[in-house]
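# Structural overview for review
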Number of protein chains: 2
Amino acid sequence: PERGEQDNIVALVAAQDTDDVALLLESLPLEQRLKVWDGIPKRRRLDVLVAMRGDPRETLIAATDIDEWEAIFFEVDAEQLLELSDSLPNALVDKALDAMDKQQRQYFTDASQFSDDQIGHWLSQDPLVLPLNAKVRDALRLIRRDVPTHADTIFLVNRAGQFSEAVKLTKVMGLPDHVPLVDLSEETFDTINAEDELTLASLMVQRSGFASLPVVDEQNKVLGRLDISTASELLNEFYERQVMATAGMDEDEDLFSSVPKSAKNRAVWLGINLLTAFLASGFIGMFEATLQQVVALAVLMPIVASMGGIAGSQTLTLMIRGLALGQVTSSNVKALLKKELSVGGLNGVVWALVIGCIAYFWFADPMLGVVICVAILLNIIAAAAAGVVVPMVLHKFNIDPALSGSVILTTVTDIVGFVAFLGLGTLFLL
Amino acid sequence: PERGEQDNIVALVAAQDTDDVALLLESLPLEQRLKVWDGIPKRRRLDVLVAMRGDPRETLIAATDIDEWEAIFFEVDAEQLLELSDSLPNALVDKALDAMDKQQRQYFTDASQFSDDQIGHWLSQDPLVLPLNAKVRDALRLIRRDVPTHADTIFLVNRAGQFSEAVKLTKVMGLPDHVPLVDLSEETFDTINAEDELTLASLMVQRSGFASLPVVDEQNKVLGRLDISTASELLNEFYERQVMATAGMDEDEDLFSSVPKSAKNRAVWLGINLLTAFLASGFIGMFEATLQQVVALAVLMPIVASMGGIAGSQTLTLMIRGLALGQVTSSNVKALLKKELSVGGLNGVVWALVIGCIAYFWFADPMLGVVICVAILLNIIAAAAAGVVVPMVLHKFNIDPALSGSVILTTVTDIVGFVAFLGLGTLFLL
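Every chain begins its residue count from 1, and numbering advances along the sequence as written. To read the labels, note that chains go from A and ligands from 1, taken in the order they are written. Owing to the predicted nature of the model, reporting of local features is limited to residues with pLDDT of at least 70; listing and counting of side-chain atom pairs is limited to 80 or more, with chain, interface and lining totals taken over all residues. Each side-chain value is worked out from all heavy atoms of the structure, with water and hydrogens disregarded.

### Focus on empty space enclosed by the protein
- The method works on a 1 Å grid over the protein atoms by themselves. A cavity is a set of points holding a 1.4 Å probe that cannot get out, a pocket is an open set with protein on both sides within 12 Å along at least five of seven lines, and residues with an atom within 4 Å of a point line them. Grid points are joined across faces, edges and corners, and a volume is the space filled by probe spheres set on the points. Across all of its chains, the model carries seven cavities of 30 Å³ or more by this definition.
- There is about 240 Å³ of room inside the second largest cavity.
- Lining the second largest cavity are 21 residues; nearest its centre among them are Ala151, Asp152 and Thr170 of chain A together with Ala151 and Asp152 of chain B.
- For the lining of the second largest cavity, the secondary structure elements donating two or more residues are helix H11 (169-172) of chain A together with helix H11 (169-172) of chain B.
- Here the term charged refers only to Asp, Glu, Lys and Arg, the term nonpolar to Ala, Val, Leu, Ile, Met, Phe, Trp, Tyr, Cys and Pro, and the term polar to all other amino acids, Gly among them. Residue composition of the lining of the second largest cavity, grouped by class: eleven nonpolar, six polar and four charged. In this description a helix means any DSSP run of H or I spanning at least four residues, a strand means any run of E spanning at least two, and both kinds are numbered starting from the N terminus.

### A few points about the interface of chain B and chain A
- Every residue pair with non-hydrogen atoms within 4.5 Å of one another is taken to be in contact. Between chain B and chain A, the residue contacts involve 99 residues of the former and 99 residues of the latter.
- A quick way to say it: buried area is the sum, across both parts, of accessible area lost when two parts are put together, with a 1.4 Å probe. The junction of chain B with chain A conceals about 9,200 Å² of combined surface from both sides, 68% of it contributed by carbon and sulfur atoms.
- The largest per-residue losses of area from chain B upon contact with chain A belong to Leu255, Leu270 and Gln314 of chain B, which jointly make up 8% of the total buried on that side.
- Salt-bridge detection follows one rule: a side-chain nitrogen of Lys or Arg within 4 Å of a carboxyl oxygen of Asp or Glu. One can count six salt bridges joining chain B with chain A.
- The closest approach of N and O atoms between aspartate 19 of chain B and arginine 207 of chain A, which form a salt bridge, is 3.7 Å.
- For the side of chain B that touches chain A, the element with the most residues is helix H16 (residues 295-325) of chain B, which contributes 18 residues.
- Residue composition of the side of chain B that touches chain A, by class: 54 nonpolar, 29 polar and 16 charged.

### Some thoughts on a nonpolar patch on the surface
- Taken together, the side chains of Met367, Val370, Val374, Leu378, Leu427 and Phe428 of chain A present a nonpolar region at the surface, about 540 Å² in accessible area.
- Residue burial is assigned from relative accessible area. The probe radius is 1.4 Å, only protein chains are included, and a residue is buried under 20% of its type maximum, exposed over 50%, and partly exposed in between. Here methionine 367 of chain A falls in the partly exposed class, since its relative accessible area comes to 32%. A residue counts toward a patch only above 30% relative accessible area and without a salt bridge, and it is joined to like-charged neighbours within 9 Å or, for Val, Leu, Ile, Met, Phe, Trp and Tyr, to nonpolar neighbours within 5 Å. Each accessible area value is a Shrake-Rupley result obtained with a 1.4 Å probe; residue values ignore everything except the protein chains displayed when judging cover.

### Details of the packing of helix H2 (residues 18-26) of chain A against helix H4 (residues 42-51) of chain A
Residue and element names in this part refer to chain A.
- Here H2 crosses H4 at 65 degrees, and the two axes come no closer than 8 Å. Judged on the interaxial angle alone, H4 and H2 are roughly perpendicular. When you trace H2 past H4, the crossing you get is right-handed. Contacts between H2 and H4 involve Thr18, Asp19, Val21, Ala22, Leu25 and Glu26 from the first element and Arg44, Asp47, Val48 and Ala51 from the second.
- Counted by class, the contact of H2 with H4 contains five nonpolar, one polar and four charged residues. For every element, the axis is a line fit to its C-alpha atoms; helices are fit only across the contacting stretch, and the angle between N-to-C directions ranges from 0 to 180 degrees. Roughly parallel here means an angle under 35 degrees, roughly antiparallel means over 145, roughly perpendicular means 65 to 115, and every remaining angle is called oblique. Crossing handedness is defined as follows: a turn of the near helix away from the far one that is anticlockwise and smaller than a right angle gives a left-handed crossing, while the clockwise case is right-handed.

### A few points about the side chain of glutamate 340 of chain A
- Here glutamate 340 of chain A shows up in helix H17 (residues 333-363).
- Reaching out from glutamate 340 of chain A, the side chain makes a polar contact with the side chain of arginine 266 of chain B at a distance of 2.8 Å. Identification of polar contacts relies on pairs of N or O atoms within 3.5 Å, with a donor-acceptor requirement for protein atoms, meaning one able to donate a hydrogen and the other able to accept it, and with residues adjacent in sequence counted only if both atoms are side-chain atoms.

### Looking at the pattern of salt bridges
- Inspection of the entire model under this criterion finds 32 salt bridges over all chains.
- Salt-bridge contacts for aspartate 55 of chain A lead to lysine 261 of chain A; the nearest nitrogen and oxygen are separated by 3.8 Å. One end of the pair, aspartate 55 of chain A, is in helix H5 (residues 54-62); the other, lysine 261 of chain A, is in helix H14 (residues 259-285), with 206 residues separating them in the sequence.
- Residue class for aspartate 55 of chain A comes out buried when judged on its relative accessible area of 12%.
- Note that arginine 53 of chain B and glutamate 26 of chain B form a salt bridge whose closest N and O atoms lie 2.8 Å from each other. Pair noted here: arginine 53 of chain B is in the loop between helix H4 (42-51) and helix H5 (54-62) and glutamate 26 of chain B is in helix H2 (residues 18-26), with a separation of 27 residues, a long-range link. In terms of burial, arginine 53 of chain B and glutamate 26 of chain B fall into one category: buried.

### A short note on the domain arrangement of chain A
All names here are of chain A.
- Each domain's extent is set by a domain assignment, obtained either automatically or from a database. When cut into domains, chain A gives domain 1 (2-112), domain 2 (129-245) and domain 3 (259-429).
- Taken over C-alpha atoms, the centre of domain 2 sits 48 Å from the centre of domain 3.
- Each partner contributes to the interface: domain 2 provides six residues, whereas domain 3 provides six residues.
- Note on domain 2 versus domain 3: buried area summed over both sides is about 480 Å², and carbon and sulfur give 64% of it.
- The interface formed by domain 2 and domain 3 includes zero salt bridges.
- Here domain 2 and domain 3 share zero residue pairs in polar contact (both at pLDDT 80 or more) between them.
- If you list the elements that add at least two residues to the side of domain 2 that touches domain 3, you get helix H12 (198-208) and helix H13 (228-245).

Listed below in structure tokens is the structure:
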């Protein structure tokens, strides 16, 4: 039966496309994952590795024998190696480079000069390029040779290789051979700088209406192109990173990473949160005497912290999106702060009254109701302020607010909430 | 100076592309937003509205005079109206339909039959379609007329209009007129069903290597196409919805919505969280007598809840992504639960010991150290279990775990944490 099962897997995998095989491998526990991996033909493995996320990919790389790599790297190109290189030991990167021709090696070296948060690292180095004086016949010759995926325009460059005009392939069709291409060029056509940041450049391609935009260096020389499929994947990764960052993980996280590795990845985040939790406890500790006398404060304490935390995370989430999309800048942050403080004030008053009444009836103590009412109001307003200010400051220091924003915010709302509630309790309830 | 400022805005907006204008409008406080809106030529306003998010868009629609719509709807088409219709009062939808020709009205009716979480609602109704027996000359004639954005293939259909083959436009070029198109067709080419869910269909287009895939009905008849730019935008919206859902907001949320509206949007989420917070407080209240005698329990209580909440949200985040991508299914959820419990157990033991030691030294009470140690361990393991089970159950009932998962999870970890800690405290510290 073991043998038959293996055959089934091989047949199943053979029928699926590369991305589905990659997703399947990611969704399998390690032992089964390796079994399926063994059933994938060596020639196909490279594409599958390229399509996988970092962590699950590394489990397969670690399980691959050193003498299997020759077959896997049989037709490796620069783009594939750029995607994989972070997951590969240096010796294997060298092996892959040895398997490439000179041109691909050069492509790899060129792209490696850019960090992986710059477009230069991710461009396709196969743009359709012709000189400015080219004619329809030149375009047809170029097209007949080979049109790469998502290349729908020819870039016309001057003698220095600088980008000048772009001509849509479909405009060339059916025209006489001698028509100059410049006569067919697009009126407006954007270029991307190789040092540009990934998200905004990808959005530019997504919105351009073209399948690729040229990527140029500082001298406007064409280095390659960014195609819409790559752009769309880069955007997916950007959003995934944001989602995962809110829980202190990165987007490479493996569903079935080994237990020690997974525990280690998450321990840091737990540790950071523990520090902030102890900090909050430290502030509560200052009011031990009060808590001993008015135990209702201990019972209601989490409500004050929780309402602040939720209100703050709403403002923070709006700010993180706004900063990432370029909606929030120093020019409108003041108006935004004012609006968020107003929203906080309004919701603060409403919920403070509700909670105050409930607390009053629950513990039959009107003063307790007043104390929690004021504490909630103060904490929700503080949360709105922190929700605007914390991500702005982090952004200014180039720290991703999606990652560290929520920890800092929760610390603020916990401490303000506990101190306000227990402090007011000490003043008015003892 | 007022006049000059207005001129400046008009000039600034005129130089920007539609998406940038939309983003600019979204990032302005309401008063300024309306000022800029007034400076945008009426012919351009429709495109800008289409590019905007729901809530900020509605602020502009509400501020537009009824007699301005004729000019705005001058060239409205079905796709634009489909995007806008949720934001428009019925009278304006009718006005727009009146401005369309019969074909566009039919397109609108056809697409409206699908709900907005189905591909049929978002398809482009301008596919390049030819009969199966068409030749290169027919293709060239079609291309010369007009090639829509991101249409890189011709779909060949049989007499019943059913999809049969696809031919890349660039393959047609330079070939003799009489060559049958079927000879040039792609080996593998996927189709999308009009009832398909948005995210997986969009990923299919993104990965296909083609700029559009055909959208077909149940009989395989071609209804239109889904292009890669639309697919990429749908994916952006999917991720934005996830990010915003974690704070109980939707992706249409306006950075500068009016204070009452914004407060109302967020109040629901605050209210739900308040219920769960009171539930947790209710459980704390059961231990009032214990808290009065051992006030250290009140001081350390938030730490137990917080560690459980963080650990649980890590598992939950991984699960939400896995469910959305189809990585997590009933076939691997058992293995996943086992892994998450192991990770929780390992991190639980480590952090339980750390926290136990700190608590012991802080309050000089060894038994308190043991109590918090056991409570932390129990809560982190419960958090791992809930992090897997809660989203699975929600998913089964077609409830988005990104929205309600975190509230339910926090409720579980709060209650388990408080009950375990205060319960053990009652048993061993009194």
